[in-house]
Every structure is written in structure tokens, then in C-alpha cells.
Amino acid sequence: MNDQNQTSVVRCGYEILHNIELSDGVISTAVINCIINGPSAVTALVFNSVVLYAILKETSLRSNANYLLAWLTVTDVLVGAIVQPLNIVAHIEILIEQRTCGINGTYDSVKFLCSMMSVMTALFISCDRCIAILFPFKYNRWVTATKIFIVLILAWLMWIILVASWTLGLAGAYVQLVCVSVMIITFVILSFIYAKMIKLAKQHQHQINSQQPSDQPPNQDVARQRKALKTAVFTIGALMACYLPIVIVVIVDIILNHRLSYSTRYIVASFAETLVHINSTLNPIIYCLRSREIRAAVFKVLTVCENGQRIARSLSKITTTTRAQPAQQMDERPANLPSRVENNNADEVDEVQQKV
């Protein structure tokens, strides 16, 4: 049943919000997406925050490839902290049949910005790996942390202006189509780049193996570049797999000239958007599984936090026990005979400090 003529509308910048008629499919879609996005938002925020802190804190991880991964992690943190909570609120508004411009406008803007910046950062990661494979001797001169920072800042400013113009209704109706086209072209370029780089990496490895003696250990720089390339392949592959459904949904909707019912469009697009959000949880897992250095840095951060909590709990227990002792017993105890409680607490602190 087509419900386009049975819904009220709310003007929100360029976009028009339609109050969708509730049905079993709409209700199930809203509830399932809320259940998925709730825990996923927490894991995306926590996992990416830990990985970002580990990359910034550990000096051995300060490389151009990891700087780009850190920027991608910042985008994933925004997804877990802002996009997914707003997504849950937007689904709740569907259930109560009262959509507001503030929630949906903010959600669409931040979602749009994070999605495009994730794709652009993926393109930058691909270009970085391509230069490292094709021009290994010129890489350090061509690619620097300052240049990466400038390019990323310019990309963020460009997409912020574009998204703000679209959200406020200042941009035309074809902005969404242009962005989807950019995303498709980027995916095609990424596929071509990585297919070429994997082929070249195998050729280089074959040449190195044929030229160096069998008992000589492999070059550490070459091994590190191959490891970074594999990590990038998994990261970009996961991003493309998670973003492809929403691209298909938008293309089909445009081809059909928006003739799909609002309920059908909402059901299909909601699950596709949730898959995009899940990518923010997958990325830090891929980093830790594929990079031994990042995994070690993350474990180091978690270990320090755990030991710090142990020390805090032990000191709190010592303070509480000491305050609970009667003042008279403290005065009557001989100076050269420490209490059993103090000995136990001191041993406990020593044990925690040794573990740290």
C-alpha cells in the first residue's frame, strides 16, 4: 500500500520529513535498528577511543599510515558518539509519529559528513600506500605528516561547507546524486589501486627473494610496508562492503524517481545505514588483528588502566580500614608492634606495585 498521500510533512531545509504510517514492518525495523545501534555505538566509541589514544601516545606508531588511520578513527568516534545516538532518537520519533527537524537535520548532516570523510580518508590511505609501493625512495620526501594534515583539514572544510549548504537548503537537488557519484568513482579507483598494488607487491617480493641469500633475514622496511598494505586492504574492503548497500539503495531510489513508498524506503534505508555505522566498530578490530604494533599499544593502555584501578581500590580499602579503627586502640598499640591490618594492607600495596 502506497502511503505517500496519507502522511503529513515537515519542511527541514532542503529535505522534507514525512511522518510514516506505522505498520508491523516499520515498527520491527525501528526496534531492531535501535537494538543494534545501541551496543554498537558504545563499542565504536570505546574501541576507537582506545586505538586513537594508543596511536597518539606510542611513539613507535607515529607514521604516515598510522596518522591516516588515526583520522579515520576520529571519524568513527564521531559516529559512535553522535551519529548512532541520533539514529536511535530518529527511530524513536518514527515510533511516536512525531519527527522533528532538529533531530533529523542534525542526524543527516553529521551522518553525511562522517560518511564522506570516511570515504575520502580511505582514498588518502590508498594513495599513501600506492606512493609507498611505487616510489619507495621518494616516499619520505613526497609524503609528510604536515602535508597529510593540510590535505585532511581542507577535505573536512570542503565537506562541512557542502553538507551545511545541503542541510540548510542552499544547495541544489543534485547534491546527493553528486556525492553518491563521487563515492562510486572512489570505490572504483580504490579497487583498481589495490589490485595494482597487490600485484606489484608480489612482484617486488619475488625479486627480493631471488636476489638475497636464503639465510639472510627479510628487510624490515619491506615487511612493514607489506603489513601496512594488507591492513589497508582489509580496512578499505570492510568499508566498501558496508557502504555498498546504501549506495545501491540511493541509486535505485533515484532511478525510480522516488516512487517507492515512504515505509518501504525507510525499512530498506534504515538497515543499510546501520550497516554503515557498524563499520565504525569493525575498523578498530581490524587494526588490532592486522597490526601487531597497534595491538601491543592497545594492550599496554588497557593494562595501565587496569593496574591503576587496582591501586585505587587497594588504597581506598586501606583508608577505609584505617579510619574504622578506634582511636584508643591506635594509641595503646606499642610503637614497635605494627597492627595486622597495616601489614596486610602494606603487603597488598607492594603486591600491586610489583604487578605494575
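Residues numbered from 1 in each chain as written. Predicted model: local features only at pLDDT ≥ 70, side-chain atom pairs only at ≥ 80, totals over all residues. Heavy atoms only, no water.

Labelled according to an unreviewed UniProt entry, the chain appears under the name Trace amine-associated receptor 13c-like, originating from Actinia tenebrosa. The record in UniProt for the chain states the following under Subcellular location (unreviewed entry): "Cell membrane". Database annotation for the chain, UniProt heading Sequence similarities (unreviewed entry): "Belongs to the G-protein coupled receptor 1 family." (UniProt positions renumbered as here; feature names shortened; annotations may be inferred.)

Considerations on the overall build of the chain
Looking only at helices and strands, one finds 11 helices and two strands in the chain. Going from N to C terminus, the chain has its helices and strands arranged as β-β-α-α-α-α-α-α-α-α-α-α-α. Residue pairs in contact within the chain that sit at least 24 positions apart in sequence constitute 80% of those at least 6 positions apart. When the accessible area of the chain is evaluated, it comes to approximately 19,900 Å², of which 64% is carbon and sulfur surface. (Helix = DSSP H or I, 4+ residues; strand = E, 2+ residues; numbered from the N terminus. Contact = heavy atoms within 4.5 Å. Areas by Shrake-Rupley, 256 points an atom, 1.4 Å probe, with all protein chains shown as cover.)

Some points on the nonpolar core
Grouped together as the largest cluster of nonpolar side chains are 61 residues, with contacts concentrated most on Phe 187, Tyr 194 and Tyr 243. Broken down by element, this core gets its largest block of residues, 13 residues, from helix α3 (residues 101-134). Those residues in contact with Phe 187 that sit more than four places away from it in its chain are Val 119, Leu 239, Met 240, Tyr 243 and Val 247. (Core = buried A, V, L, I, M, F, W, Y, C linked by side-chain atoms within 4.5 Å. Buried < 20%, exposed > 50% of the residue type's maximum accessible area, 1.4 Å probe, protein only.)

Here we look at the packing of α3 against helix α5 (residues 145-167)
Viewed as axis vectors pointing N to C, α3 and α5 meet at an angle of 150°, and their least axial separation amounts to 10 Å. By the angle class used here, α3 and α5 are roughly antiparallel. The crossing of α3 and α5 is right-handed. Of the residues in α5, those in contact with Gly 105, Asp 108, Ser 109, Phe 112, Leu 113, Met 116, Met 117, Met 120, Thr 121 and Phe 124 of α3 are Val 151, Leu 152, Ala 155, Trp 156, Trp 159, Ile 160, Val 163, Trp 166 and Thr 167. For the contact of α3 with α5, a count of residues per class yields 14 nonpolar, four polar and one charged. (Axes fitted to C-alpha atoms, helices over the stretch in contact; angles between N-to-C directions. Parallel < 35°, antiparallel > 145°, perpendicular 65-115°, else oblique. Left-handed = near helix turned anticlockwise from the far one by under 90°. Nonpolar A, V, L, I, M, F, W, Y, C, P; charged D, E, K, R; others polar.)

Some remarks on a nonpolar patch on the surface
A cluster of nonpolar side chains, contributed by Ile 184, Val 188, Leu 244, Ile 248, Ile 251, Val 252, Ile 255 and Leu 256, occupies part of the molecular surface with about 640 Å² of accessible area. Elements supplying a minimum of two residues to the nonpolar patch: α6 (175-211) and α7 (220-255). The element best represented in the nonpolar patch is α7, accounting for five residues. Here Val 188 is to be found in helix α6. (Patch = residues over 30% accessible without salt bridge, like charges linked within 9 Å, V, L, I, M, F, W, Y side chains within 5 Å. Salt bridge = Lys/Arg side-chain N within 4 Å of Asp/Glu carboxyl O.)

Points about the packing of aromatic side chains
Taken as a whole and judged by the stated rule, the model has two aromatic pairs. Arranged with centres 6.1 Å apart and planes meeting at 55°, the rings of Trp 71 and Phe 149 form a pair that is tilted. Of this pair, Trp 71 sits in helix α2 (residues 64-96) while Phe 149 sits in helix α5, and the two are 78 residues apart along the sequence. When its relative accessible area of 48% is taken as the criterion, Phe 149 is described as partly exposed. Between Phe 135 and Trp 142 the ring centres are 5.0 Å apart and the planes differ by 55°, which places this aromatic pair in the tilted class. (Phe/Tyr/Trp six-rings, centres within 6.5 Å; stacked < 30°, edge-to-face > 60°.)

Some thoughts on empty space enclosed by the protein
Scanning the entire structure with this criterion turns up two cavities of 30 Å³ or more. If you add up the space inside the largest cavity, you get close to 60 Å³. As for the largest cavity, its lining consists of Val 79, Val 83, Val 110, Lys 111, Cys 114, Ser 115, Ser 118, Tyr 243, Val 276, His 277 and Ser 280. Secondary-structure elements contributing two or more residues to the lining of the largest cavity are α2, α3 and α8 (262-290). At five residues, α3 tops the list of elements feeding residues into the lining of the largest cavity. Class assignment of the residues belonging to the lining of the largest cavity gives a composition of six nonpolar, four polar and one charged. (1 Å grid on protein atoms, 1.4 Å probe; cavity = no way out; pocket = protein on both sides within 12 Å on 5 of 7 lines; lining within 4 Å. Points joined across faces, edges and corners; volume = space filled by probe spheres on them.)

A few points about the packing of α2 against α8
Interhelical geometry of α2 versus α8 gives an angle of 150° and a closest axis separation of 10 Å. With respect to their mutual orientation, α2 and α8 come out roughly antiparallel. The element α2 and its partner α8 pack so that their crossing is left-handed. Contacts between α2 and α8 involve Leu 69, Leu 72, Thr 73, Asp 76, Val 79, Val 83, Gln 84, Asn 87, His 91 and Ile 94 from the former and Tyr 266, Ser 270, Glu 273, His 277, Ser 280, Asn 283 and Tyr 287 from the latter.

Details of the UniProt feature "transmembrane region" (unreviewed entry) in the chain
The feature "transmembrane region" (unreviewed entry), as given by UniProt, occupies residues 30-56, 68-90, 110-136, 148-168, 174-195 and 232-256 in the numbering adopted here. The span residues 30-56 is 100% helical and 0% strand by assignment, and the distance between its end C-alpha atoms comes to 38 Å. Taken end to end, residues 110-136 is 93% helix and 0% strand, and its two terminal C-alpha atoms sit 37 Å from one another.

Quick notes on the side chain of Asn 33
Within the fold, Asn 33 resides in helix α1 (residues 24-57). Overall, the relative accessible area of 0% leaves Asn 33 in the buried class. A distance of 2.3 Å separates the side chain of Asn 33 from the side chain of Thr 274, its partner in a polar contact. If sequence neighbours within four positions are ignored, Asn 33 has contacts with His 91, Ser 270, Phe 271 and Thr 274. (Polar contact = N/O pair within 3.5 Å; in protein donor to acceptor, adjacent residues only side chain to side chain.)

Topic: the side chain of Ser 118
Within the fold, Ser 118 resides in helix α3. With a relative accessible area of 3%, Ser 118 lands in the buried category. Every residue in contact with Ser 118, bar those within four places of it in the chain, is listed here: Leu 72, Thr 75, Leu 239 and Tyr 243.

Concerning the pattern of salt bridges
According to the stated counting rule, one finds four salt bridges in the structure shown. Note that Lys 111 and Asp 108 form a salt bridge whose closest N and O atoms lie 3.3 Å from each other. Of this pair, Lys 111 and Asp 108 are both found in helix α3, three residues apart, which corresponds to roughly one turn of the helix. Overall, Lys 111 belongs to the buried group, its relative accessible area being 17%. The partner of Lys 111 in a salt bridge is Glu 273, and the shortest N-O contact between them spans 2.9 Å. With Lys 111 in helix α3 and Glu 273 in helix α8, the pair connects residues that are 162 residues apart, well separated along the chain. Under the relative-accessibility criterion, Glu 273 is labelled buried at 17%. Here the salt bridges do not stand alone but share partners, grouping Asp 108, Lys 111 and Glu 273 into one network.

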